[in-house]
Amino acid sequence: FNLLTACTTPTQWKKIVAAPFGLHEFTLGLIERERALAKKGRPAHIVAKMNSLVDADVIRALYAAAHAGVKIDLIVRGICCLRPGIPGVSENIRVISVVDRFLEHSRIYHFHADGQCLVYASSADWMPRNFHRRIEVMFPIERDDLKKRVIDDVLLAAFKDDRKASELLPSGEYKRLSGGKTRSQAAAKNSFTRSAVSEQKKVDRSEELLLHARRRR
């Protein structure tokens, strides 16, 4: 609160990264690490989901990473100033946009990180206004089971969408991926619903056993 309302010096956080207090630099550092790994011949991969990709520094960093051999998969619902599939520049980059019934606002960033599998959720798109002119937060998802759910049910699911997704071409035009049966939003919603129902059944069962134990007393 003091940081937002007074002239105080930004503090350092143990887990979160905040804008405009270093999120831009941190993001560029994550991309650069993947580029350096690819240059050494190590596996390198970036998967990112956001509403808009506009920041010029990030785009240049992604181009450099792709040129070094990093595989980059982007889910950008709205504005994307990056051009994928350009020979010698961005042939390792794929960009899709998914526009379906629900307005999505999740920003998720996944970096291979030499096998560490870093996954972050954030309020920030990769835009100058988010990096430099707003209070934004990015935080790591650390539990392995939650990482897997985010990667499988949100990120990877989007690239299986062949009904509501469009792929960005090198020309800047979008090609609609249609004719299939897979809607990533519906798949994610169903997966989350099944998980919630399963967890609620566990809670109900625990409460039932606890009530039974109390009655026996």
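To be clear, the structure that these remarks concern was listed above.
Residues numbered from 1 in each chain as written. Predicted model: local features only at pLDDT ≥ 70, side-chain atom pairs only at ≥ 80, totals over all residues. Heavy atoms only, no water.

Asker: Honestly, the overall build of the chain in this entry has me stumped. Any pointers?
Answerer: When helices and strands are tallied, the chain shows six helices and nine strands. Evaluated residue by residue, the chain yields a buried proportion of 37% over its 217 residues. Long-range contacts, defined as pairs at least 24 residues apart, comprise 61% of the intrachain contacts of the chain with a sequence gap of at least 6. Summed over all atoms, the accessible surface of the chain reaches about 12,800 Å², with 53% contributed by carbon and sulfur. (Helix = DSSP H or I, 4+ residues; strand = E, 2+ residues; numbered from the N terminus. Buried < 20%, exposed > 50% of the residue type's maximum accessible area, 1.4 Å probe, protein only. Contact = heavy atoms within 4.5 Å. Areas by Shrake-Rupley, 256 points an atom, 1.4 Å probe, with all protein chains shown as cover.)

Asker: Got a minute to help me understand unusual backbone geometry in this structure?
Answerer: Outside of glycine, negative phi angles account for most residues, and trans bonds account for most peptide bonds. Note that the residue after Ala19, namely Pro20, is joined by a cis bond; omega there is 0°. Within the secondary structure, Pro20 sits in the loop between strand 1 (17-19) and helix 2 (23-39). Look at Ala113: it is not a glycine, yet its phi comes out positive at around 55°. Locating Ala113 in the fold gives a position in the loop between strand 5 (107-111) and strand 6 (118-122).

Asker: Which parts of the structure should I look at to understand empty space enclosed by the protein?
Answerer: Which parts of space are left empty comes out when a probe the size of a water molecule is rolled across the atoms. Enumeration over the complete set of coordinates arrives at one cavity of 30 Å³ or more. Space inside the largest cavity adds up to approximately 50 Å³. Together, Lys49, Met50, Asn51, Ile75, Arg77, Val98 and Glu104 line the largest cavity. Here the lining of the largest cavity is built from residues that sort into three nonpolar, one polar and three charged. (1 Å grid on protein atoms, 1.4 Å probe; cavity = no way out; pocket = protein on both sides within 12 Å on 5 of 7 lines; lining within 4 Å. Points joined across faces, edges and corners; volume = space filled by probe spheres on them. Nonpolar A, V, L, I, M, F, W, Y, C, P; charged D, E, K, R; others polar.)

Asker: Teacher, can you tell me more about a nonpolar patch on the surface here?
Answerer: A cluster of nonpolar side chains, namely Trp13, Phe21 and Ile135, defines an oily patch on the protein surface of about 270 Å² accessible area. Among the secondary structure elements, Phe21 is positioned in the loop between strand 1 and helix 2. (Patch = residues over 30% accessible without salt bridge, like charges linked within 9 Å, V, L, I, M, F, W, Y side chains within 5 Å. Salt bridge = Lys/Arg side-chain N within 4 Å of Asp/Glu carboxyl O.)

Asker: Help me out: how do you make sense of the pattern of salt bridges in this one?
Answerer: Two side chains of opposite charge can pair, provided their charged atoms sit close to one another. In total, this model carries eight salt bridges according to the counting rule given. Asp114 is the partner of Arg42 in a salt bridge, and the nearest nitrogen-oxygen pair spans 2.8 Å. One end of the pair, Arg42, is in the loop between helix 2 and strand 2 (45-50); the other, Asp114, is in the loop between strand 5 and strand 6, with 72 residues separating them in the sequence. By relative accessible area, which is 42% here, Arg42 ends up partly exposed. For Asp114, a relative accessible area of 34% gives the class partly exposed. Lys148 is the salt-bridge partner of Asp152, the closest N and O atoms lying 2.7 Å from each other. Note that Asp152 and Lys148 are positioned in helix 5 (residues 144-158) at a spacing of four residues, about one turn of the helix. For Lys148, a relative accessible area of 51% puts it in the exposed group.

Asker: Please explain helix 3 (residues 56-68) as it appears in this structure.
Answerer: Every α-helix carries 3.6 residues per turn, so stepping three or four residues along brings you back to the same face. Its 13 residues place the ends of helix 3 18 Å apart at the C-alpha level, agreeing with the 18 Å of an ideal helix rising 1.5 Å per residue. Burial in helix 3 covers these residues: Val58, Ile59, Ala61, Leu62, Ala65, Ala66 and Ala68. Against helix 2, strand 2, strand 3 (71-76), strand 4 (93-98) and helix 4 (128-132) lie the buried residues of helix 3. With a side-chain oxygen positioned 3.2 Å from the backbone nitrogen of Asp57, the residue opening helix 3 is Asp55. Immediately downstream of helix 3, the backbone of Gly69 shows phi near 115°, a positive value. (Expected span 1.5 Å × (residues − 1). Polar contact = N/O pair within 3.5 Å; in protein donor to acceptor, adjacent residues only side chain to side chain.)

Asker: Explanation requested: the packing of aromatic side chains in the structure shown.
Answerer: Centre-to-centre distance and the angle between the planes together describe a pair of aromatic rings. If you walk through the whole model with that rule in mind, you get two aromatic pairs. Aromatic side chains Phe26 and Tyr120 sit 5.8 Å apart centroid to centroid with 85° between the ring planes, which places their arrangement in the edge-to-face category. Of this pair, Phe26 sits in helix 2 while Tyr120 sits in strand 6, placing them 94 residues apart in sequence. On the numbers, 4.7 Å between centres and 10° between planes, the contact of Tyr109 with Trp126 is stacked. One end of the pair, Tyr109, is in strand 5; the other, Trp126, is in the loop between strand 6 and helix 4, and 17 residues separate them in sequence. Here Tyr109 matches Trp126 in class, with each residue buried. (Phe/Tyr/Trp six-rings, centres within 6.5 Å; stacked < 30°, edge-to-face > 60°.)

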